[in-house]
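Remarks on the overall topology
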Amino acid sequence: MGAAVVKGWTTMFAGVMLLGTLAGCSGSGSTENTATPSGNTPAPSESVKSTEPPAKQVTLHMIESLTSPERTKLLQDAIARFQKDNPNIKVELISPPFDQADNKIRTMLAAKQELDILEVRDLNIAEYVNNGYLEPLDTYASSWADSKTLSGTSKVVGSNNGKLYFIANALYQRQMFYRKDWFDAKGLTAPKTWEELVDSAKKLTDPKQNRYGFSFRGGPGANGNFDHMIYDYNDKVMNLDDAPFTKDGKSVYSTPEAKQALELYKKLYKEASPPDSINWGFQDQVQAFTSGVTGILLQDPDVIKVLQDKMDPKTLETAAMPLGPNGKSLVSTGAAGWGVTANSKSKNEAWKLIAYLSSPKENTEFSKQIGTIPIHTSATADTFFQAGPYKTLLDMTAKADVFVNFTPPFKYPGNGSWGELSMKGQQSYLLDKKSSDDTLKEWDKFWLDQKAGMKK
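The following refers to the structure shown. Here the structure is a predicted model, which means the values were calculated and not measured. (Residues numbered from 1 in each chain as written. Predicted model: local features only at pLDDT ≥ 70, side-chain atom pairs only at ≥ 80, totals over all residues. Heavy atoms only, no water.)

Section: the overall build of the chain
In plain terms, the rule: Numbering goes from the N terminus for both helices and strands, where a helix is a DSSP run of H or I of at least four residues and a strand is a run of E of at least two. Accessible surface area values rest on a Shrake-Rupley calculation with a 1.4 Å probe, where residue burial reflects the displayed protein chains alone.
The helix and strand tally for the chain stands at 17 helices and 14 strands. When the accessible surface of the chain is totalled, it reaches about 19200 Å², and 51% of it is carbon and sulfur.

Here we look at unusual backbone geometry
The amide bond that connects Ala243 to the next residue, Pro244, takes the cis arrangement and shows omega of 5°. Here Pro244 shows up in the loop between α9 (223-232) and α10 (256-272). Backbone geometry places Lys112, a non-glycine residue, at a positive phi of 55°. Locating Lys112 in the fold gives a position in the loop between α3 (98-110) and β4 (117-121). Of note in the backbone geometry, Asn161 takes a positive phi value of approximately 55° without being a glycine. In this fold, Asn161 is placed in the loop between β5 (159-160) and β6 (163-164).

Some points on the pairing of strand β2 (residues 58-63)
For clarity, the threshold we go by: Throughout, exposure labels follow a simple rule: accessible area from a 1.4 Å probe, protein chains only, divided by the maximum for the residue type, with under 20% read as buried, over 50% as exposed, and the rest as partly exposed. Orienting the strands away from the viewer, one traces the path from the first strand over the helix to the second; a clockwise path indicates a right-handed crossover. The pairing criterion is simple: DSSP has to find at least two bridges between the two strands.
A large share of β2 lies buried, amounting to five of its six residues. At this point the chain moves from β2, through helix α2 (residues 69-85), to the parallel strand β3 (residues 89-94), and the crossover so formed is right-handed. Inspection of the sheet shows β2 paired to β4 by two bridges, in the parallel sense. Residue pairing across strands places Ile63 opposite Leu118, the latter belonging to β4.

Remarks on the nonpolar core
What counts, and what does not: In plain words, nonpolar cores are sets of buried Ala, Val, Leu, Ile, Met, Phe, Trp, Tyr and Cys residues tied together by side-chain atoms within 4.5 Å. Note on contacts: a residue pair is in contact if any heavy atoms of the two residues lie within 4.5 Å.
Counting 65 residues, the largest nonpolar core has Tyr253, Ile296 and Leu307 as its most contacted members. The biggest single contributor to this core is α10, with eight residues. Here Ile296 is in contact with Met176, Phe177, Tyr178, Phe183, Leu197, Ala201, Leu204, Gly213, Phe214, Ser215 and Phe289, once residues within four sequence places are set aside. Among the nonpolar cores identified, the runner-up in size contains 48 residues, and Tyr128, Leu164, Ile354 and Ile373 belong to it.

Concerning the pattern of salt bridges
Our working definition: The term salt bridge refers to a pairing of a side-chain nitrogen on Lys or Arg with a carboxyl oxygen on Asp or Glu at a separation within 4 Å.
Enumeration according to the criterion identifies 21 salt bridges in this entry. With a closest N to O distance of 3.8 Å, Arg179 and Asp181 form a salt bridge. Owing to a relative accessible area of 9%, Arg179 belongs among the buried residues under this scheme. The exposure class assigned to Asp181 is partly exposed, which follows from its relative accessible area of 31%. In this structure, Lys180 engages Asp184 in a salt bridge whose closest nitrogen and oxygen atoms are separated by 2.8 Å.

Considerations on the packing of α10 against helix α16 (residues 415-430)
Heads up, the rule is: In this analysis an axis means a line fitted to C-alpha atoms, helices contributing only their contacting stretch, and an angle means the value between N-to-C directions, from 0 to 180 degrees. In this scheme, roughly parallel covers angles under 35 degrees and roughly antiparallel covers those over 145, while 65 to 115 is roughly perpendicular and the rest are oblique. In this scheme, a crossing is called left-handed if the near helix is turned counterclockwise away from the far one by less than a right angle; it is called right-handed if the turn is clockwise.
Orientation of α10 relative to α16, taken along the N-to-C sense of each, is 70°, at an axis distance of 10 Å. As summarised for this structure, α10 and α16 are arranged roughly perpendicular, according to the angle between their axes. Considering only the axes of α10 and α16, their crossing is right-handed. Taken together, the residues of α16 that come into contact with α10 (itself represented by Leu262, Glu263, Tyr265, Lys266, Tyr269 and Lys270) are Gln426, Tyr429 and Leu430.

Describing the side chain of Asp122
What counts, and what does not: Charge counting follows a simple rule: Lys and Arg are positive, Asp and Glu are negative, and His as well as the terminal groups are ignored. For this analysis, a polar contact is any N or O atom pair within 3.5 Å, provided that within protein one partner can donate a hydrogen and the other can accept it, and provided that sequence-adjacent residues contribute only side-chain to side-chain pairs.
Mapped onto the fold, Asp122 is located in the loop between β4 and α4 (125-130). Arg121 provides the closest opposite charge to the buried, unpaired Asp122, separated from it by 5.3 Å. There is a polar contact of 2.7 Å between the side chain of Asp122 and the backbone nitrogen of Ala335. Those residues in contact with Asp122, other than ones at most four positions away along the chain, are Phe166, Thr333, Gly334, Ala335, Phe410 and Asn415.

Notes on the packing of aromatic side chains
Applied cut-off: Note on aromatic pairs: the rings of Phe, Tyr and Trp (six-membered ring only in Trp) are paired at centre separations within 6.5 Å, and the planes decide the class, stacked below 30 degrees, edge-to-face beyond 60, tilted for the rest. Only Lys NZ and Arg CZ are tested; either one counts as a charge over a ring when it is within 6 Å of the ring centre and within 35 degrees of the ring normal.
Evaluation of the coordinates by the stated rule reveals 20 aromatic pairs. Taken together, a centroid distance of 4.7 Å and an interplanar angle of 55° make the contact between Tyr178 and Phe183 tilted. For Phe183, a relative accessible area of 1% puts it in the buried group. Put simply, the rings of Phe214, Phe216, Phe226, Phe245, Tyr253, Tyr265, Tyr269, Tyr412, Trp418, Trp443, Phe446 and Trp447 pair up and form one aromatic cluster. Between Arg211 and the ring centre of Trp182, over which it is positioned, the NZ or CZ distance is 4.0 Å. The cationic tip of Lys451 hangs over the ring face of Phe245; the distance from NZ or CZ to the ring centre is 4.2 Å.

Quick notes on α3
Under the convention used in this document: Take the residue count of a helix, subtract one, and multiply by 1.5 Å to get its expected span. As used here, the arc is the angular range of directions from the helix axis to the C-beta atoms.
With 13 residues, α3 extends 19 Å between its outermost C-alpha atoms, agreeing within 8% with the 18 Å of an ideal straight helix rising 1.5 Å per residue. Among all positions in α3, only Phe98, Ala101, Asp102, Ile105, Met108 and Leu109 are buried. When α3 is viewed along its axis, its buried side chains cluster within an angular range of 130° and face the same direction. In this structure, the buried residues of α3 make contact with β2, β3, β4 and α4. Once α3 finishes, Lys112 follows within two positions and takes phi at roughly 55°, a positive value.

Regarding the environment of Arg211
Summarising the element assignment, Arg211 is placed in the loop between α8 (194-204) and β9 (212-214). A C-alpha to C-alpha distance of 9.6 Å links Arg211 and Ala288, two positions 77 residues apart in sequence.

Considering α8
Every buried residue of α8 is accounted for by Trp194, Leu197, Val198, Ser200, Ala201 and Leu204. Buried residues of α8, viewed axially, fall in a sector of 165°; they line one side. On the buried face of α8, the contacting elements are β8 (175-179), α7 (180-186), β9, α9, α10 and β10 (294-299).

Observations concerning the side chain of Glu127
As for its placement among the helices and strands, Glu127 is situated in helix α4. What makes Glu127 buried here is its relative accessible area of 15%. Polar contacts involving the side chain of Glu127 include one to the side chain of Arg106, which spans 2.6 Å. Contacts of Glu127, omitting those with residues within four sequence positions, involve Arg106, Pro413 and Gly416.

Notes on the sheet that holds β9
One open sheet holds the four strands; their spatial order is β9-β10-β8-β11, and the pairing between them is mixed. Edge positions in the sheet fall to β9 and β11 (316-319), since each has one partner strand and no second. The mean inter-strand angle of the sheet, taken between neighbouring strand axes irrespective of direction, is 20°. In the sheet, β8 pairs with β10 via four bridges, with the strands oriented antiparallel. Bridge pairing in β10 links Gln175 to Gln299. This element, α8, spans β8, β9 and β10 of the sheet and lies at about 150° to β10.

This is how it looks when you write it as C-alpha cells:
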C-alpha cells in the first residue's frame, strides 16, 4: 500500500465518510476437496440452428485460501450460477483446509501445476508478484463495467507496485466480541484498554469451571494480537506509512514499549487463557467462545454470522478494539481476493469468472452470508451493514483520531512468512523457552533484513 492511502472500512464502505479507503484474516479448517459445482445448462436442441461456431470448452482450475465449510458452499453455489450462464466453462474448485491452504497454493505455483484462479491475500501479494506468479489485471478491469463502484481501498489492497493483481472478495477489520452475561455477573464493563482487557479477562477466569477470560490464539494467525499490542504501544514513534517501522527507520520490535506490550501479552496467556490455546487457530478460538469456554474474542466481522447462529443474542455484545497506553489504537483493514495465474492458458475465461463473482450483486450477498465488508460502494444503501455488530466498526472509524489507520507491510516479500516465523517465536516465549529480549531481537532482525532487501 502506498503512503497516500487512508484506511478505515467506512471510508471504503460508505464511499465518502473519510477519504475513501479501508485498511488476520481468518478462516476455519475443512477437509480438502475438489468440487465441480452442478448447474451446467444442457446443450441447445439440435433443432435450433446457429450461425456461430460452438464456444470452446474450457476447464478452469481454481483454489481458495480462506476455506471453511460454509464459505466453500457459498462459493460453489455462486460458481454453479456462473456455469449455468456459461455452459462452455467448467470450474474445478480446490478447497484445502484453512491452515494448509497457503502452503498448498505456494507448492502448486512453484511446481507450475495447472491453476488458473487463486485466492490471493494482502499478506502474500508481494511474495506472489515477486515470484512472477500473478497476471496483472489492469487491462481487464479497465473495461469492466462494475469497476466504477469498486471502493478505493479494494483497489489498493489488490495492487502491488502500481499494478492490480487481485479483485478483493472480502474486507476485514477487527473488533471485540464479549459475553455480556459473564460481564454482567461480575459487574464488569467492556474493557477500553489492553491493560483493562487483561484485568477483565483475569476476573472472568475460573479454571475449575473450565472458564477463561480470553479466547487466545497462539497457533496460525497469532501475530494478529501481539502485533496489534506492540503497534499500539508504539503509536507515538510508528511510521504509519511503513509498518512495522518507526519514523527513524528502526523496527518497532526494538523499542522498550515493545517489550512492555509483549510481557502484557504473556500475562494474558498465562493468567487468563486456556493452556492449550497456545496452539489454537481461528476455528479453535471461535468455538471456545461460542461454547462458553472463553469470554472475550478479538476477531474480524466474518465471525458475526457464526456467533449469531450459535449463541443466544442476549449473551453477545461487541466493543471497539482496546487502546494502547497513549489512548490510541492502530488499525488496518485486511483483504483477500481472486487473481489469475501468470501461466494460465485460459486467462479470458478466468477473468470472466472473477468479474462475475465480484459483481455488486454477488459480492454483496456473499458478504452478508459470511459477515465481511462488501467491496462496492453501492452496498452503502443496504441497511444490513448499518446496524447490529457492524455499528461498532462504524463507531471506530468515526473516531479517526483515536483509531488511527496505518499501512501494513504488504510491500515486503517476506511479509507472507512473518506469520509462521513469529508464531513459533511467541510460542517459545510463552513456554519460557526464550526470553522477551531474544524474541524481540529475532523479530527486529527479520524486519530490518526485509527493509535492507528492498533497497537492493
